[in-house]
Structure formats: C-alpha cells, structure tokens
Amino acid sequence: MSKGLPEARTDAAMSELVPEPRPKPAVPMKPVSINSNLLGYIGIDTIIEQMRKKTMKTGFDFNIMVVGQSGLGKSTLVNTLFKSQVSRKASSWNREEKIPKTVEIKAIGHVIEEGGVKMKLTVIDTPGFGDQINNENCWEPIEKYINEQYEKFLKEEVNIARKKRIPDTRVHCCLYFISPTGHSLRPLDLEFMKHLSKVVNIIPVIAKADTMTLEEKSEFKQRVRKELEVNGIEFYPQKEFDEDLEDKTENDKIRQESMPFAVVGSDKEYQVNGKRVLGRKTPWGIIEVENLNHCEFALLRDFVIRTHLQDLKEVTHNIHYETYRAKRLNDNGGLPPGEGLLGTVLPPAPATPCPTAE
C-alpha cells in the first residue's frame, strides 16, 4: 500500500502538467427552412413594406459630384439625369465673369419627390478644374472636400449624444467627364482618377458623344478602358466589391461593354414622330438623348438611379468611409477625432500627396 503512494503522487503531478484537451468550438447549425411546417400565416414578408413606409417618411440623401473641364456639358447632363434644374447655371462664362484661378467647390441642394418618395439631392460642381494653363495638383481641393465630408460624418458618429439621423454630406458618386477627343486620355484624366478612385466612386463618362462617329466612339471607349486597366485605375463598380455571382455577371457586362458611358445631355424638348423627346437639334436631324441608337444616356441613368443608387451609397459607407475612419482613428491613437492623447486638438487628415502630373 505504501509503495503505491508515490505512483499516485506522480500520476497527479503529471495530470497537472499535461493540459486538458480544449473542447471543440460549437459549429453553428445551418438554418433549416420550415415553411412547409408553418401552421398559419405569420407576416414575416411584411418587413419589406415596413421598411418602404419608413424610408418614404424619412426620405434619403444622394450626393453626386461632377468633374471635368468647362464646356463639356456637365450641368446640362445632370439636369437631364434628374429631369429638373438641379445644377448650377450653364457652364459657359459670361463676359463679366472670370475663370476661377483655383478649383472651386459649389454644392447645391434640392428635394426631389417622385411617387411619394423624397430624395434630398446635392449636386457638387467643381468649376475651374482643368481650365488653367498649369493644372498641376488641381485635384487636391476636390480630394480635400471629399475627406472633409467624411470627417464631418465621423465627428457626428463618435459624439456621445449623437443625432438620431446623422446628416450625410459624403460624396456617393463622382461623374468624371472625359473630353471626346477620340485619341486617348490626358495625363490629367489619369492622375485625377488614379488618386480619387481610392476615396470615392468614380464613373467615367465621355461627354458630347454626338461629336464622334459610331466607329470612333467604339474605338475610343475600348482605348479608355485599356488605359485605365494599364494604369491600375478602378472605377465603379469595382471588381472586389461584387457580392455574388449574379452581381459579378451584371457588373462584368457594365465594366466590359458600357464603361465609359458615351452620353449626350439636353434639357430641350422637340417633336419627333408625334412624341415630345429630349434632344439636340442639328442640321441633320434630332439627336434623341434617351434613344439608345443615338447615345448611352439611358444606360447611365438606369445605372446610377434605377439599379445601383443604393449600392453607391453602401460602397461609400462600408468601403471608402470605413477606410477613412479606420485610418483617422488609428492615427489618433483610437481616440475620437479632434482630441489628442493629452487633449490637444488635431487637424483633419490631409489630402493624399500626389506626384506632379506630366
């Protein structure tokens, strides 16, 4: 009996040294469909109607920025897109007006209502972009403005007593207007999209596409897509954000065939075959804005408003804003923006430094 005691102690000591096997983590069960076993109507399907009613009461925000040289019809296109005078006055300068020496940012807000749904639309124009003899770093004020809107939203979000509904001034979409040269993108075009595509959803459009033949338009679109690919520029919808196969199939077609949209804008109506249509009158006839045989405006409208508007907002919030937010809080030691480690006030994050455009 006495000889067995040391062995018992040894076994006990060894049991203390050897860790007990960890239990395997519980694997969550896959949801099982029980529709066939329901004993009656529950009403789960009404959640969509509940969400619709709430959205109709509160409305929603959509902020669109237009960037491009003067004379490309930016204001006219946006007015055509929303079928109302939502942008600033025509881009042509009066004799009394001077071309701004630097890029200006002008935001104009409107409330548009259709079918009981209210949308607070803000159009952000950038007069002066690309209009100078020296356009070096002229995208920096635009990048600064975009980051400032992220900063505003972040400051509201981290407040202890924050608003129930934070005003959203973040830029959800940037229409970048490409001059219809038919040759290639300018260095300024490439530099702008290279830097701004990291902070905002860029949709490239070829302005005044009626100045090109069908062959020239097709070749130019292919050349632009190739140049963007070679320079590593990703426009919206970005490939890595496709959520499933259905999204990928739909967006691949847009990326490979539609982009960049070759468009014509007009807020004037003409009579064509007994119908009133928006168009541009030429000596050869009427160019119908919403006729797919004439231009791709209808594709752009459907893309921005009817199929991808909500996704533009979600990518802005979940990707671009989250990237800014994470960097801002990381740079600030995890504290809310505006307060340093010792209570010192920190400035907003500066715009990304850009190399000199050739």
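The rules behind the values
Residues numbered from 1 in each chain as written. Predicted model: local features only at pLDDT ≥ 70, side-chain atom pairs only at ≥ 80, totals over all residues. Heavy atoms only, no water. Salt bridge = Lys/Arg side-chain N within 4 Å of Asp/Glu carboxyl O. Buried < 20%, exposed > 50% of the residue type's maximum accessible area, 1.4 Å probe, protein only. Helix = DSSP H or I, 4+ residues; strand = E, 2+ residues; numbered from the N terminus. Core = buried A, V, L, I, M, F, W, Y, C linked by side-chain atoms within 4.5 Å. Contact = heavy atoms within 4.5 Å. Pairing = 2+ DSSP bridges. Axes fitted to C-alpha atoms, helices over the stretch in contact; angles between N-to-C directions.

Comments concerning the pattern of salt bridges
If you walk through the whole model with that rule in mind, you get 20 salt bridges. Among the salt bridges present, the one from Arg186 reaches Asp189, with a minimum N-O distance of 3.0 Å. On the accessibility criterion, Asp189 (2% relative accessible area) is buried. Arg280 is the salt-bridge partner of Asp210, the closest N and O atoms lying 3.0 Å from each other. Placement of the pair is Asp210 in the loop between β5 (202–206) and α6 (214–230) and Arg280 in strand β8 (residues 275–282), with a sequence separation of 70 residues. Residue classification places Asp210 among the partly exposed positions, given a relative accessible area of 24%. The partly exposed category is assigned to Arg280, whose relative accessible area is 32%. Within the structure, one salt-bridge network assembled from shared partners comprises Lys83, Glu290, Arg301, Asp302 and Arg306.

Brief notes about the nonpolar core
Core analysis: the biggest nonpolar cluster contains 73 residues, and Phe62, Phe129, Leu175, Phe192 and Ile203 have the highest contact counts within it. Once residues within four sequence positions are removed from consideration, Phe62 is found in contact with Phe82, Met119, Lys120, Leu121, Thr122, His172, Cys173, Val304, Leu309, Leu312 and Lys313.

Remarks on the sheet that holds strand β6 (residues 261–262)
Judged by pairing direction, the sheet is mixed, and its 6 strands sit side by side in the order β2-β3-β1-β4-β5-β6 without closing on themselves. Every other strand in the sheet has two partners, leaving β2 (106–114) and β6 as the edge strands with one partner each. As defined by bridge partners, β5 adjoins β6 across 2 bridges and the pair is classed as parallel. Residue Ile206 lies in a different strand from β6, and its bridge partner there is Ala262. Packed on one face of the sheet, helix α5 (residues 187–196) meets β1 (60–67), β4 (173–178) and β5 and runs near 170° to β4.

Nothing here speaks to function; it is all geometry.
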